[in-house]
Amino acid sequence: MNIILLGPPGAGKGTQARHLVETRNMIQLSTGDMLREAKDSGSEMGKIVAGVMARGDLVTDEIVIGLIREKLEGDKKGGFIFDGFPRTLAQADALTTLLAEQNESLDAVIEMQVDDEALVARITGRYTCGNCGEVYHSETKKETVEGVCDKCGAQGMKHRADDNEDSLRTRLMEYYKKTSPLIGYYYAKGQLSSVDGLAEIADVRADIAKALAKS
Ligand code: AP5
């Protein structure tokens, strides 16, 4: 099964994707994570995207489509979760083509609905394990022992450079201008399901499971 998790920054895409990886043996393809890895590695591409990401602008379609193309050629396990991709209509069209080249198709698009007010609190309170990437929040999802990851036991949490109000404003603007048209695009294709992303994490999980069972 191949699915897209669609929603604004902080909607909970990464949180839910990690659960689907654990329970369904799926592969999470987060273009944001891939770009951050490139940035941290100091590669040429990483240097190009660093400033763009810190501002909250979108990286070019060409770069992210190239990243996804490489991943689709590898092991497919229980299917792909596209997290943060596609973000433009050009990326959506490219995804259809790339999947067809692999004799694959898209099974569902889950839109995670949230309101903008909640996103500021979610983004500014977020931190992740520096080792395994488990996502935490200072109010809603704290680790049991401060600074120690519940998942992998490693010490040391990280904050993202773009998790501040200024960058979030740009990220939201980019979302409404370039990504939100995908809601209508996938609705018209009969592939869209929407869940309440403001519900408790476990309830969002259950709603996604229900939506996937129907697809
Ligand atoms: P990316 O890394 O994709 O960031 P994003 O889309 O802005 O999404 P986030 O990772 O911020 O949020 P999320 O929805 O995963 O939320 P999370 O689960 O962490 O992209 C970063 C940048 O890379 C972009 O700005 C762009 O520059 C570039 N980029 C990436 N892909 C691109 C593409 N395709 N094209 C062009 N450029 C691209 O949750 C957030 C917080 O809320 C956490 O602390 C979590 O614990 C908490 N939380 C989650 N769910 C709940 C809940 N139900 N209740 C309470 N708290 C919750």
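Everything discussed here concerns the structure shown above.
Just so we're clear, the structure is a prediction, and the values are computed from it rather than from any experiment. (Residues numbered from 1 in each chain as written. Predicted model: local features only at pLDDT ≥ 70, side-chain atom pairs only at ≥ 80, totals over all residues. Heavy atoms only, no water.)

Draft legend 1. Expanded view of the overall build of the protein chain. Regarding its fold elements, the protein chain presents nine helices and eight strands. Its C-alpha radius of gyration of 17 Å places the protein chain within 12% of the 17 Å reference for a compact globule of 215 residues. Expressed as lengths along the three principal axes of its C-alpha atoms, the size of the protein chain is roughly 45 × 40 × 35 Å. Counting across all 215 residues of the protein chain, residues that qualify as buried make up 43%. For the protein chain, the computed accessible surface area is about 10,900 Å², with 49% contributed by carbon and sulfur atoms. Averaging the locations of the 27 positively and 34 negatively charged side chains of the protein chain gives two centres separated by 1 Å. (Helix = DSSP H or I, 4+ residues; strand = E, 2+ residues; numbered from the N terminus. Rg over C-alpha atoms; globule rule 2.2 N^0.38 Å. Buried < 20%, exposed > 50% of the residue type's maximum accessible area, 1.4 Å probe, protein only. Areas by Shrake-Rupley, 256 points an atom, 1.4 Å probe, with all protein chains shown as cover. Lys, Arg positive; Asp, Glu negative; His and termini not counted. Charge placed at Lys NZ, Arg CZ, Asp CG, Glu CD.)

Draft legend 2. Highlighting the site of the ligand. As a structural note, the neighbourhood of the ligand is formed by 36 residues, with Thr15, Asp57, Arg87, Arg126 and Tyr136 the closest of them. Gly12 is positioned such that a nitrogen or oxygen atom in its backbone is 3.0 Å from an oxygen atom of the ligand. Separating a nitrogen atom of the ligand from a side-chain N or O atom of Thr140 is a distance of 3.3 Å. Notes on the ligand: free accessible area 1,100 Å², of which the protein chains cover 96%. When contributions to the shell around the ligand are tallied by element, the ones reaching two or more residues are helix 1 (13-24), helix 2 (31-41), helix 6 (116-124), strand 6 (135-137) and helix 9 (201-214). (Near = heavy atom within 4 Å. Polar contact = N/O pair within 3.5 Å; in protein donor to acceptor, adjacent residues only side chain to side chain.)

Draft legend 3. Summary view of the packing of helix 2 against helix 4 (residues 61-72). For the pair helix 2 and helix 4, interaxial distance at closest approach is 10 Å and the crossing angle is 100°. Viewed along their axes, helix 2 and helix 4 adopt a mutual orientation that is roughly perpendicular. From helix 2, Thr31, Met34 and Leu35 reach across to helix 4, where they touch Ile63, Val64, Leu67, Ile68 and Lys71. (Axes fitted to C-alpha atoms, helices over the stretch in contact; angles between N-to-C directions. Parallel < 35°, antiparallel > 145°, perpendicular 65-115°, else oblique. Contact = heavy atoms within 4.5 Å.)

Draft legend 4. Spotlight on the pairing of strand 5 (residues 126-129). Here three bridges tie strand 5 to strand 6, and the two strands are oriented antiparallel to one another. Bridging across to strand 6, Arg126 finds its partner in His137. Counted along the chain from strand 5 to the antiparallel partner strand 6, the turn is five residues long, and its residue Gly133 has a positive phi close to 85°. Across two bridges, strand 5 lies against strand 7 (residues 157-158) in antiparallel orientation. Bridge pairing in strand 7 places Thr128 opposite Lys158. (Pairing = 2+ DSSP bridges.)

Draft legend 5. Spotlight on the packing of aromatic side chains. Applying the stated criterion to the full structure yields five aromatic pairs. Centroid distance Tyr175 to Tyr176: 5.4 Å. Interplanar angle 75°. Geometry classified as edge-to-face. Judged by relative accessible area, which is 40%, Tyr176 ranks as partly exposed. Taking 4.8 Å as the distance between ring centres and 90° as the angle between the ring planes, the aromatic pair formed by Tyr185 and Tyr186 counts as edge-to-face. Across the pair, Tyr186 and Tyr185 agree in class, each one buried. The structure contains a cluster of three or more aromatic residues connected by ring pairs, namely Phe80, Phe82 and Phe85. (Phe/Tyr/Trp six-rings, centres within 6.5 Å; stacked < 30°, edge-to-face > 60°.)

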